[in-house]
Amino acid sequence: MTQTTNEQLVFVYGWQLDAALLAQYCPGARVVTTARLADYDLGFYGHTPKWEGAEEALVAKSGSEVWGLVLALSAAGAERMDGMLNVHGDGSGSYFHYPADVEGSDGQRYETLTYMKTALREPRTPSDEYKQRLIAGALAHGLPLAYIARLRAVAAHPAAYPVPRGLRTIQVVAASGDDCHCSF
């Protein structure tokens, strides 16, 4: 697939693979291909009350790989994705942009941006419910079965209360269907 000049290619992984959320918060996002990021793994850090457990983050690990999607976003869509992930230009947000060369399942290399956590905090386990969200996204996009098996092997714990907590209905505001707007 070709990229138009006004699109940004991003590599997303983890909870961003949830097909329903992706369709809601960014209906204009175009899936280019599934892809792998070499020499990285998923780690789980910190605690979010929304999911009553840790959230995933990319961590450098030689010989490992993280699978996800290459998305093509309009400029407005990329800006909205940044807002949803709390990316700030000065680095003070929850995530920052990180250049990532990924290999698509189509055999092509893609120069993308991905989202790296600003601070990892301490390693912890995710909730079972959060882990199941990650697995469902990976299955929905046909990621490799070996990778899905690795996700299934992640230690997790049952949430102590119904999750996701505080996740409001996502409002999509897009006159042309080309932009995404999220409010959590």
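Our subject is the structure listed above.
Please read all numbers here as calculations on a predicted model, not as lab measurements. (Residues numbered from 1 in each chain as written. Predicted model: local features only at pLDDT ≥ 70, side-chain atom pairs only at ≥ 80, totals over all residues. Heavy atoms only, no water.)

(A) Up close: the overall build of the protein. If you tally the helices and strands in the protein, you get four helices and five strands. Counting from the amino terminus, the protein carries its helices and strands in the arrangement β-α-β-β-α-β-β-α-α. Of all 184 residues assigned to the protein, the portion counted as buried reaches 46%. Considering only residue pairs separated by 6 or more positions, the protein has 70% of its internal contacts joining residues 24 or more positions apart. (Helix = DSSP H or I, 4+ residues; strand = E, 2+ residues; numbered from the N terminus. Buried < 20%, exposed > 50% of the residue type's maximum accessible area, 1.4 Å probe, protein only. Contact = heavy atoms within 4.5 Å.)

(B) Inspection of the pairing of strand β3 (residues 53-74) at higher detail. Among the 22 residues that make up β3, 17 are buried, leaving the element largely enclosed by the rest of the structure. For strand β1 (residues 7-12) and β3, the ladder comprises six bridges, and the chain directions are antiparallel. In the strand pairing of β3, V12 is matched with L69. As consecutive antiparallel partners, strand β2 (residues 30-48) and β3 are separated by four residues, and within that stretch E52 has a phi angle of approximately 55°, a positive value. (Pairing = 2+ DSSP bridges.)

(C) Molecular detail of the sheet that holds strand β4 (residues 95-104). With mixed pairing, five strands are arranged side by side around a closed barrel as β1-β3-β2-β4-β5. Sheet twist, expressed as the mean angle between neighbouring strand axes with direction ignored, is 45°. Helix α2 (residues 75-84) contacts β1, β3, β4 and β5 (109-117) of the sheet and is inclined by roughly 145° relative to β3. (Axes fitted to C-alpha atoms, helices over the stretch in contact; angles between N-to-C directions.)

(D) Structural view of the packing of aromatic side chains. With the rule as written, the count across this model stands at four aromatic pairs. Taken together, Y40, F96 and Y98 form an aromatic cluster joined through their ring pairs. (Phe/Tyr/Trp six-rings, centres within 6.5 Å; stacked < 30°, edge-to-face > 60°.)

(E) Representation of helix α4 (residues 145-152) in the model. Within the sequence span of α4, burial applies to Y147, I148 and L151. Considered in projection along α4, the buried side chains sweep an arc of 100° and stay on one side of the axis. Counted as exposed and oriented over 90 degrees from the buried face of α4: L145 and A146. Contacts from the buried residues of α4 go to β2, β3 and α3 (128-140). (Arc of directions from axis to C-beta.)

(F) Here's a closer look at the side chain of T112. Assignment of secondary structure puts T112 in strand β5. With relative accessibility at 5%, the residue T112 sits in the buried group. At a separation of 2.8 Å, a polar atom in the side chain of T112 contacts the main-chain carbonyl oxygen of A100. Once residues within four sequence positions are removed from consideration, T112 is found in contact with L9, V10, F11, V70, Y98, P99, A100 and V102. (Polar contact = N/O pair within 3.5 Å; in protein donor to acceptor, adjacent residues only side chain to side chain.)

(G) Region of the structure containing the environment of G53. Inspection of the secondary structure puts G53 in strand β3. For G53, a relative accessible area of 1% translates into the label buried. Remark: the alpha-carbon pair of G53 and D128, spanning 75 residues in sequence, is separated by 8.8 Å. With sequence-adjacent residues up to four places away left out, G53 is seen in contact with G46, H47, T48, T125, P126, S127 and H157.

(H) Quick peek at the packing of α3 against α4. At their nearest, the axes of α3 and α4 sit 10 Å apart, and the two run at 175° to each other. On the basis of the axis angle, α3 is roughly antiparallel to α4. Residues K131, L134, I135, A138 and L139 of α3 pack against I148, L151 and R152 of α4. Residues that form the contact of α3 with α4 fall into these classes: six nonpolar, no polar and two charged. (Parallel < 35°, antiparallel > 145°, perpendicular 65-115°, else oblique. Nonpolar A, V, L, I, M, F, W, Y, C, P; charged D, E, K, R; others polar.)

(I) How the structure looks around the pattern of salt bridges. Tallied over the entire structure, the rule returns seven salt bridges. The residue E103 makes a salt bridge to R36 at a minimum N-O spacing of 3.4 Å. In this pair, E103 sits in strand β4 while R36 sits in strand β2, placing the two residues 67 residues apart along the sequence. Residue R36 is classed as partly exposed on the basis of its relative accessible area, which comes to 23%. The shortest N-O distance in the salt bridge between D41 and R150 comes to 2.5 Å. One end of the pair, D41, is in strand β2; the other, R150, is in helix α4, with 109 residues separating them in the sequence. Look at D41 and you get buried, because its relative accessible area is 15%. Residue class for R150 comes out partly exposed when judged on its relative accessible area of 34%. Here the salt bridges do not stand alone but share partners, grouping R36, E65 and E103 into one network. (Salt bridge = Lys/Arg side-chain N within 4 Å of Asp/Glu carboxyl O.)

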